Every structure is written in C-alpha cells, then in structure tokens.
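Working through the structure, step by step
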Amino acid sequence: GLKQTIAHAIPGAPATQVTLSDGGHAENLGVIALVRRRVPRIVVVDAEQDYALRLNSYRDLQRRLLVWGDTLSVPM
C-alpha cells in the first residue's frame, strides 16, 4: 500500500525510475540509527502484527547488533 508511482518529468533529462522505501525491509524497529549514535537508553515498541509472538523483528535486531559487536537486553 505504501508503494506509489510518482512522476516528475525534467525537461531534456532521460526517464529514470527511483524506488523509495520506509526502511522496514532493512530493520523494522528503527533502532539501528539510535544505536549508532550511542543513545544510552532506547525504548523499543514492536507494534507489528505477530499473533504467534515470534518477535521476528526483535530477534533480527539482536542478530544485526551482534554482527557490530553490540547487544540488546530487555530487563524483566
């Protein structure tokens, strides 16, 4: 639903196509940018539809952070 065609012609320029994204395909929670800026405390709210409570976005974030030598902990 978010993918939209936006046409803007520039006179004399060749036709091009640009695909824009909200970034959800890379990291759906929006936490990586905050971690890179070394924000000391980050509150993450995962509001995606997840009836089985698999927490896939959270687990993906944990894996990505491990690659960069960071960790993610959740106080109980």
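Refer to the structure printed above.
Structure report, in brief. Remember, predicted model here, so these are calculated numbers, not experimental data. (Residues numbered from 1 in each chain as written. Predicted model: local features only at pLDDT ≥ 70, side-chain atom pairs only at ≥ 80, totals over all residues. Heavy atoms only, no water.)

1. Quick look at the side chain of Asp 50
Tracing the chain through its elements places Asp 50 in the loop between helix H1 (32-36) and helix H2 (56-67). Summary of buried charges: Asp 50 has no salt-bridge partner, and the nearest side chain of opposite charge, Arg 54, is 5.6 Å away. Engagement of the side chain of Asp 50 in a polar contact is seen with the backbone nitrogen of Leu 55, the distance being 2.7 Å. Contacts of Asp 50, omitting those with residues within four sequence positions, involve Leu 55 and Asn 56. (Helix = DSSP H or I, 4+ residues; strand = E, 2+ residues; numbered from the N terminus. Buried < 20%, exposed > 50% of the residue type's maximum accessible area, 1.4 Å probe, protein only. Lys, Arg positive; Asp, Glu negative; His and termini not counted. Salt bridge = Lys/Arg side-chain N within 4 Å of Asp/Glu carboxyl O. Polar contact = N/O pair within 3.5 Å; in protein donor to acceptor, adjacent residues only side chain to side chain. Contact = heavy atoms within 4.5 Å.)

2. Topic: the environment of Asp 70
By the secondary structure assignment, Asp 70 is in the segment after H2. Note on Asp 70: relative accessible area 16%, which makes it buried. Excluding residues that lie within four positions of it along the chain, Asp 70 makes contacts with Val 35, Arg 38 and Leu 65.

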